[in-house]
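# Observations on the model geometry
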Amino acid sequence: MMSKTVKTIVIAGNGTNCEREVAHACKLAGAEVADIVHVAELLAGRVKLADYHFLNLAGGFLDGDDLGSAKAGANRLLHAPVVGSEQTLADQIKQFVAAGKLVMGVCNGFQLMVKMGLLPAFAGSAKQNCTLTHNQGGRFEDRWSWLKVDPESPCVFTRGLERLYLPVRHGEGQFVTDNTATLKQLEAMHLSVVKYADSDLNPTMEYPDNPNGSVASIAGICDPTGRLFGLMPHPEAYVHYTHHPRWTREELPEEGMGLWLYQNAIRFIREELLK
Amino acid sequence: MAWRIVVGLKDGVRDARGERVRREIKENLGYRLQSVRTLDVYTVDADLSDAEIEAAANGPFSDPVIQQVAINRPLASDFDMLIEVGFRPGVTDNTGRTAKEAIQYITGRAFLPGEGVYTSTQYLLTGLSDKETAEKIAGDFLANGLIQRWTILAADELDSVTGVPVSVPKVVSDSTPKAQSINLKVSDQQLLEISRAGMLALNLEEMQKIQQHIADPQVIVERQKVGLGSELSDVELEALAQTWSEHCKHKIFSAKIEYEDENGNRETIDSLFKTYIVGATRDIRKAMGENDFCLSVFKDNAGVIEFNDDWSIVFKVETHNSPSALDPYGGALTGIVGVNRDGVGTGMGARLIFNTDVFCFASPFLDKELPPRLLHPRRIFEGVVEGVEHGGNKSGIPTINGSLVFDERFAGKPLVYCGTASIMPRMLNGKPCHEKQVQVGDHIVMTGGRIGKDGIHGATFSSEELHEGSPVTAVQIGDPITQRKMFDFLLIARDRGLYNSFTDNGAGGLSSSVGEMAEDTGGVEMHLDRAPLKYPGLQPWEILISEAQERMTLAVPADKLDEFISLATEMDVEATDLGTFTDSGYFHCLYQGETVSYLSMEFLHEGVPQMVIPAKWQPRALTEPEFAQPQNLDAELQKLLARLNICSKESVVRRYDHEVQAGTVIKPLVGVANDGPSDAAVFRPLLDSFEGVVVSHGICPNYSDIDTYHMMACAIDEGMRNYVAVGGNIDHVAGLDNFCWCDPVQSEKTPDGEYKAAQLVRANKALYDYCVAFGVPLISGKDSMKNDYQIGNTKISIPPTVLFSVIGKIADARKSISMDVKRPGDLVYLLGETADELGGSEYYAEQGELGSQVPQVDAETALARYRALNQAQAQGLVVSCHDLSDGGLGVALAEKAFAGGFGIKAALAKVVAGSTLREDKILFSESQSRLLVTVRAESQDAFETLFAGQSCRRIGKVTEQPELLVTGLQGQVLISSPIDLLKEAWQAPLREM
């Protein structure tokens, strides 16, 4: 039995970059445990995903994104065996998900979830039907974006939220689907949780408000349970007002908007998993 | 057998990469193609089953949503010309390495030696019929012939069944590795020929010193004991050439300089480095006494200063100019990941927190025929920016500060400065973390990448000018991910106390890293044949001096060796035991059990003769230009804002991740639209603390054409005033100098060597004078002394350039100040006096003039001003602050206004300036140590009290009306421009880069 502490894990290694700030965000949001665990520790079987409630897949460049963003990273999780078991890490993640726990992937972590088929996972299917590819501008960019939150989304991370202002920092963030049916289903099920918007909060295809040309302005999606969520913008990069690019000229609350996503996750765990 | 897996986009999916290539071909070469599409090719040379290849092709190699795959058949169709570009044998292929690992995960089997995956890219061009043009596109744009090769096929030449013929760029060597001996009992001319032909960059005096050493009967006796003859081995000669290279030994900075000034006064300077650089730091530290915050200066890979009671900050800036001239992408990428190893490999190890980048290029729009072997500045710009982007972004290190500096002479050699800061605990396992010591008996362990022929002679090559025979092997390509994995491992090994010392393998490879570490114990015994190789066939000397990247050398105690190696293996990092550190007094290398080097440590490290360099200073006969004040100063201001040295660099800044690690408090882009130009960066390295690191820099090569003394002084002041502008504590700040010079040694090739050497002396004198005056100790630095291009009769020398980097601290990052005006009604203050100092200014340059009155720095007044500013900032009186530099007051006012989204009304009559100074000169003078500050009206008295007795003038205020309105000495309107118009002029030039 787990004690009544919220345990979060951030997987690190092989090119992840944001593990420290993600763990920091989890702590700030109230998690009692926020462990940064190297993937070698998981593959060696010394640390088990099952001991945690909230799995974070952080931003970075897994294996340099050499084969396309997160492709080689997804391949490792799908094929590398965990020592002392018949399982791969992908198997462990499936069990983690089946146990009703939470997963959030940011940037490279989102790319990883999509390319492993964890998102959107209509009706539990692991077939990849969306992807994230090169920005329409063909270049990496770091800029802040407004995001409109779908209030009807089942996503547990965005409950009660209307808008977010977060930085995007990627070269392969253009969200596309394999066909229009997939897109329609995403929209109909309200799985397209956050959309790039102009400052009046209208979803937009115009650069630079939509920084990468994502279809239907989609910046992040969840699975039908709402417990698995991935997005390109970086919530862990706005947890304090000094992260905001205009903090020297605007009156801002102490907590940054990105922290809200982690607070919602921790609240859900306390209310649903630890009750 | 070898398979070819071709991956392309599905029909109807837009090829953004192809479109970009099409655009760039038009920009770079002027060819208008109808379309360019791209395909990725993996050539897999390994024993695999069809099923395994299909699993790889449809798994990690392709994306089922947008891509299609073909195995051993072509995907290309509907094109006029196909160009496939792949690497030459032995060139680092990061994607190939990742692809190989991916296949190994699928099969569960390791590749056998000699098996591999090689990547290439196919470009499908339409709107092009002749092969000659295709050849030009391939050679001049798509590929770099130094590291890549290509195949061109017209549509009817592509075999529709098999596609492009399989070609495996595997390194094949039939040479048997064996050390050779070299006869040095030869004439002086032959000695020089040995040096030249071997790319050794040793001069006659040095060759003679080696000749004498090896002829010493006592030396011969000792050599015979280990089975060596009376001739030097190639391993030894290469080790000496590397250790004694300008790059590693800094012979010019260590030389004896016979200096004569303009009045005929002579003095002998015994080492510029010791006299001025070490000397300044010594004197400043003495003066600081108990408040000395320096922890480790000059002796390690980087400098270390205190951050707080628990943490220290490590800082280093390197240059990577010569490799970037040949292969801009690989050179710059290697530059950043190389300096990162310095940042990590200082003391017992540190964690990287941010990068800084400063590039000096010729204009990317240069419209001139270039001499042979020079790449167009636009290609250099593109390649360098992309290389540093990949190096920094992929490594997870934010790039938070930098500059782009333009001068036509940088076409001869671009300057690529890469800086990095890291953080380490003050104490590690009970000992100061910034110290390390190899123990006798420690094992020499190499970690990270394998050794290939990459970067052979990098150290000696960068010690020469760029010439016809510059070697292609001098180019390396960095691999940020292999390095990142190694760093992750090393920090764990550090905390577990698994090693006693370590350093990086940069220039000179193992020869340099092991040679330097062995100075702790006084000897080494290293088995070169144990080193892991990328491919067979390397000679022992090549193993010793290869600059293959991503390697660190460690001293691991015998009782920790097993634990060290097994941790490395588990974390997928290669670690190899190469021998031991000894106290034998010898640099002893063996190959397959036989001694191939037995040089005394003393001769290796202390044997290089001191150079003697003549220097004679004669100021150039320069005059101030004569021209009337232009009628339309609005137009002049706009022209200045559009100059390359002033205009917005946003398109470059956005390509760098400047926010990863979530610590960037003052970002490079600030203001109402997130696009104003920051003076400096503030970074919070500890997420649970608000203490900040502040980093900035100064660089002004324009002034070198008048006097390098003042160039140096201005660079220091610029760095300091940028630093203080954002709130950096003026009493806890360190400097770091990076000299990039043209060859200053008088010779046939360099007839003006005495003048260039005198320029070097003068810059050093200013470095001492101003660092001492500001109380800013130097903690580390580097010099790059041969930034010339010479082929045939064409010689291009860069302007003498010093990057002065500044690092320090702000107690509370929440008190940092940005440069943008904040709200209407705020008062605008100008701190500092404005003089007739437009020599070397951007304003004169715009008129095609140089002038003679270069800005001079009054450090005493400046320091008082910066102290008072610190106080005002601490009391919360400053709402914005921007330094005045290129383009002076006019440009600073414009930038402040449009960054903040409000207007400014300012009166030149209020500016403290010489009574006869013309209005255009007041506007565009580049007098130093000046800052523009805005203050709330209610803070007026408190602010002015702090600056009582100093030059502090309220020259205007922030206005709701979005217009820059400047009145002249008679109160008449001089400038009246909408801020949007000014901003557009400033943003347009490099927007599309």
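The structure under discussion appears in the preceding block.
Parameters and conventions
Residues numbered from 1 in each chain as written. Chains lettered and ligands numbered in written order. Predicted model: local features only at pLDDT ≥ 70, side-chain atom pairs only at ≥ 80, totals over all residues. Heavy atoms only, no water. Helix = DSSP H or I, 4+ residues; strand = E, 2+ residues; numbered from the N terminus. Buried < 20%, exposed > 50% of the residue type's maximum accessible area, 1.4 Å probe, protein only. Contact = heavy atoms within 4.5 Å. Buried area = accessible area lost by both parts, 1.4 Å probe. Salt bridge = Lys/Arg side-chain N within 4 Å of Asp/Glu carboxyl O. Polar contact = N/O pair within 3.5 Å; in protein donor to acceptor, adjacent residues only side chain to side chain. Axes fitted to C-alpha atoms, helices over the stretch in contact; angles between N-to-C directions. Parallel < 35°, antiparallel > 145°, perpendicular 65-115°, else oblique. Nonpolar A, V, L, I, M, F, W, Y, C, P; charged D, E, K, R; others polar. 1 Å grid on protein atoms, 1.4 Å probe; cavity = no way out; pocket = protein on both sides within 12 Å on 5 of 7 lines; lining within 4 Å. Points joined across faces, edges and corners; volume = space filled by probe spheres on them.

### Considering the side chain of Gln759 of chain B
Residue and element names in this part refer to chain B. With respect to the helices and strands, the residue Gln759 is situated in helix 24 (residues 753–774). You can call Gln759 buried: its relative accessible area is 6%. Once you skip the residues sitting within four places of it in the chain, Gln759 turns out to touch Trp617, Ser704, Thr708, Trp741 and Pro800.

### Comments concerning the interface of chain B and chain A
Counting residues at the interface gives 67 residues for chain B, matched by 59 residues for chain A. Here chain B and chain A share an interface that buries about 5,100 Å² over both sides, 51% of which is from carbon and sulfur atoms. By the criterion of area lost to chain A, the three top residues of chain B are Val65, Tyr105 and Arg654 of chain B, representing 13% of everything that side buries. Joining chain B to chain A, the criterion identifies seven salt bridges. Between Asp63 of chain B and Lys115 of chain A there is a salt bridge, and its shortest N-O distance comes to 3.9 Å. At the surface where chain B touches chain A, the tally comes to 34 residue pairs in polar contact (both at pLDDT 80 or more). Counting only elements with at least two residues in the side of chain B that touches chain A, the list comes to helix 1 (16–29), helix 3 (94–107), helix 14 (377–395), helix 16 (480–495), strand 27 (664–666) and helix 27 (888–900) of chain B. Here the side of chain B that touches chain A takes nine residues from helix 3 of chain B, the largest share from any one element.

### Here's the deal with the packing of helix 21 (residues 633–641) of chain B against helix 27 of chain B
All names here are of chain B. Contact pair helix 21 / helix 27: the axes reach a minimum separation of 10 Å and the direction vectors enclose 75°. Here helix 21 is positioned roughly perpendicular relative to helix 27, judged by the angle of their axes. Contacts from Leu637, Leu640 and Leu641 of helix 21 reach helix 27 at Gly890, Val891, Ala894 and Phe898. Residues belonging to the contact of helix 21 with helix 27 are distributed by class as follows: six nonpolar, one polar and no charged.

### As for the pairing of strand 31 (residues 692–698) of chain B
Along strand 31 of chain B, seven of the seven residues are buried, which leaves the element largely enclosed by surrounding structure. Every second residue of strand 31 of chain B is oriented toward a common face, with Gly692, Val694, Ser696 and Gly698 of chain B on one face and Val693, Val695 and His697 of chain B on the other, all of them buried.

### Brief notes about empty space enclosed by the protein
A water-sized probe rolled over the atoms picks out the places where empty space is left. Taken as a whole, this structure holds nine cavities of 30 Å³ or more when the rule is applied. One number sums up the size of the largest cavity: a volume of about 930 Å³. Every residue lining the largest cavity is counted, 49 residues in all, and those nearest its centre are Gly402, Ser403, Leu404, Lys649 and Ser678 of chain B. In terms of residue count, the dominant contributor to the lining of the largest cavity is strand 15 (residues 399–406) of chain B (seven residues). Among the residues making up the lining of the largest cavity, the classes are represented as 23 nonpolar, 15 polar and 11 charged. There is about 140 Å³ of room inside the second largest cavity. Around the second largest cavity sit 14 residues that line it, and Ile11, Thr16, Leu62, Leu77 and Leu112 of chain A are the ones nearest its centre. If you list the elements that add at least two residues to the lining of the second largest cavity, you get strand 1 (7–12), helix 3 (71–79) and helix 5 (108–115) of chain A. Here the lining of the second largest cavity is built from residues that sort into eight nonpolar, five polar and one charged.

### As for unusual backbone geometry
Residue and element names in this part refer to chain A. In the segment running from Leu119 into Pro120, the intervening peptide bond is cis, with an omega of -5°. The topology assignment puts Pro120 in the loop between helix 5 and strand 5 (130–133). Residue Pro208 is bonded to the preceding Tyr207 through a cis peptide linkage, with omega at 5°. As for its placement among the helices and strands, Pro208 is situated in the loop between strand 9 (194–197) and strand 10 (218–222).

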